[in-house]
Amino acid sequence: MTAPSEAPAGTPDIRFGVVRGVLFDIDDTLVDLEYSMTTALREVSEHLLPGLDQAGWERFGRIFTHETTHYYDRYLAGEITFNEQRLLRGRAALGHFGVDLSDGEESHQWLTAYMEKQPAYVKPFPDVAPLLDALDRAGIPYGAVSNNVHDYQRAKLDGAGLERVKHLVGTDTLGVAKPDPAIYLEGVRLLGTSPAETLYVGDNRLLDAEGSTAAGLAGVWLNRAGEVVEGFDGTAVSTLADLLPLFLR
């Protein structure tokens, strides 16, 4: 990698030189998954939490999206199914407000309603299309590497209007998940690039930025929320627009 001074002017501390390929995380990097989840959650849970104020709904959403990810880790470990982790997270969030989502028909109806509504709210972030346009103009291949299964994420990308993200690696592609180096390197292989000349961009500092860097790629932490982390000396950007100067011709 080259020194920071060789990056294009205006680029925030991009610590690498020639970029020949770009890989992205999907959820909360390319698409606003948190918005889709919290919006659908409220829609399918309002009858269970009548009168809950806005602060309550925000707390409800934070529990589901951020405080119950250990259930998703159990899914990745093969201990439970994808929908089981969804239901467990829903029960935890509802339970915080004193609602017991019982087994049986009530749980089935809640989960079914959430599964039907959530995909409709999945949209790309506004900074995605301009960057993909720039990559297309520059002739730089790109793709995605995700900690979910291929077909589910393929449908998500297509439903969000991101059909042009052709290359996709899921957890079932090789049977491993991030931060296993193999999953990033499979993305590199699909692009036909080398690891050191391939960016990996994602919103999870550990899995995306640090995990891909450990695999030999140029990891970038997409820190949309402006989180401050002591000791992180990697590359971080607050928006995908910060990467545009690398690819403008």
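Since the structure is predicted, the reported quantities are computational estimates derived from the model, not experimental observations.

Criteria and cut-off values
- Residues numbered from 1 in each chain as written.
- Predicted model: local features only at pLDDT ≥ 70, side-chain atom pairs only at ≥ 80, totals over all residues.
- Heavy atoms only, no water.
- Phe/Tyr/Trp six-rings, centres within 6.5 Å; stacked < 30°, edge-to-face > 60°.
- Helix = DSSP H or I, 4+ residues; strand = E, 2+ residues; numbered from the N terminus.
- Lys NZ or Arg CZ within 6 Å of the ring centre and 35° of its normal.
- Pairing = 2+ DSSP bridges.
- Axes fitted to C-alpha atoms, helices over the stretch in contact; angles between N-to-C directions.
- Contact = heavy atoms within 4.5 Å.
- Buried < 20%, exposed > 50% of the residue type's maximum accessible area, 1.4 Å probe, protein only.
- Right-handed = clockwise from strand over helix to strand, strands pointing away.
- Salt bridge = Lys/Arg side-chain N within 4 Å of Asp/Glu carboxyl O.
- Parallel < 35°, antiparallel > 145°, perpendicular 65-115°, else oblique.
- Nonpolar A, V, L, I, M, F, W, Y, C, P; charged D, E, K, R; others polar.

Enquirer: Describe the packing of aromatic side chains, and please don't skip the residues or the numbers.
Expert: Working definition: an aromatic ring pair is given by the centre-to-centre distance plus the angle between the planes. Under the definition given, this model contains 11 aromatic pairs. Here the aromatic rings of F60 and F97 are separated by 6.2 Å at their centres, their planes lie at 45°, and the arrangement is tilted. A residue pair is termed long-range when its members are at least 10 positions apart, and F60 in helix α2 (residues 54–66) and F97 in the loop between α4 (82–96) and α5 (105–117) qualify at 37 residues. Between the aromatic rings of Y184 and Y200, the centroid separation amounts to 5.4 Å while the plane-to-plane angle is 85°, which identifies the pairing as edge-to-face. Taken together, the residues Y184 in helix α9 (residues 181–191) and Y200 in strand β4 (residues 198–202) connect sequence positions 16 residues apart. Each member of the aromatic cluster is reached from another via a ring pair, and the members are Y72, Y75, F82 and Y152. The ring of F64 carries R89 above its face, with NZ or CZ at 5.2 Å from the centroid. When the ring centre of F125 is taken as reference, the NZ or CZ atom of R224 above it lies at 3.7 Å.

Enquirer: Let's hear about the sheet that holds strand β5 (residues 218–222): which residues, and what values?
Expert: The strand order across the open sheet built from six strands is β3-β2-β1-β4-β5-β6, with neighbouring strands paired in parallel fashion. One side of each edge strand has no neighbouring strand; the edge strands of this open sheet are β3 (167–169) and β6 (235–237). Averaged over neighbouring strand pairs, the angle between their axes works out to 25° when direction is ignored. Two elements, β5 and β6, share three bridges in a ladder whose sense is parallel. Within β6, the residue paired with V220 across the bridge is T235. This element, helix α10 (residues 205–214), spans β4 and β5 of the sheet and lies at about 165° to β5.

Enquirer: Quick one: what's the story with the pairing of strand β2 (residues 142–145), residue by residue and with numbers?
Expert: Side-chain alternation along β2 places Y142 and A144 on one buried face and G143 and V145 on a second face that is also buried. Across three bridges, the pairing between strand β1 (residues 21–24) and β2 is parallel. When the bridges of β2 are listed, F24 appears paired with A144. Examined bridge by bridge, β2 and β3 share three bridges and lie parallel to one another. Note on β3: the bridge partner recorded for V145 is V169. Traced from β2 through helix α7 (residues 150–159) to β3, the parallel crossover comes out right-handed.

Enquirer: Report on the pattern of salt bridges, specifying residues and quantitative values.
Expert: One pass over the full model with this rule turns up 14 salt bridges. R224 serves as the salt-bridge partner of D127, at 2.8 Å between the closest nitrogen and oxygen. Pair noted here: D127 is in the loop between α5 and α6 (128–138) and R224 is in the loop between β5 and β6, with a separation of 97 residues, a long-range link. Between E210 and R205 there is a salt bridge, and its shortest N-O distance comes to 3.2 Å. E210 sits in the partly exposed class, given a relative accessible area of 33%. Owing to a relative accessible area of 23%, R205 belongs among the partly exposed residues under this scheme. A single salt-bridge network, built from bridges that share partners, covers D25, K178 and D208.

Enquirer: A description of unusual backbone geometry should follow, citing residues and the corresponding values.
Expert: Each neighbour pair has its own omega, and for K178 with P179 the value is 15°, a cis peptide bond. Here P179 lies in the loop between α8 (171–174) and α9.

Enquirer: Provide a residue-level description of the packing of α4 against α5, including the pertinent values.
Expert: Direction vectors running N to C along α4 and α5 enclose 110°, while the axes themselves pass 10 Å from each other. The pairing of α4 with α5 is recorded here as roughly perpendicular in orientation. Where α4 abuts α5, its residues N83, R86, L87, G90, R91 and L94 lie against S107, W110, L111, Y114 and M115. Looking at the contact of α4 with α5 residue by residue, the classes come out as six nonpolar, three polar and two charged.

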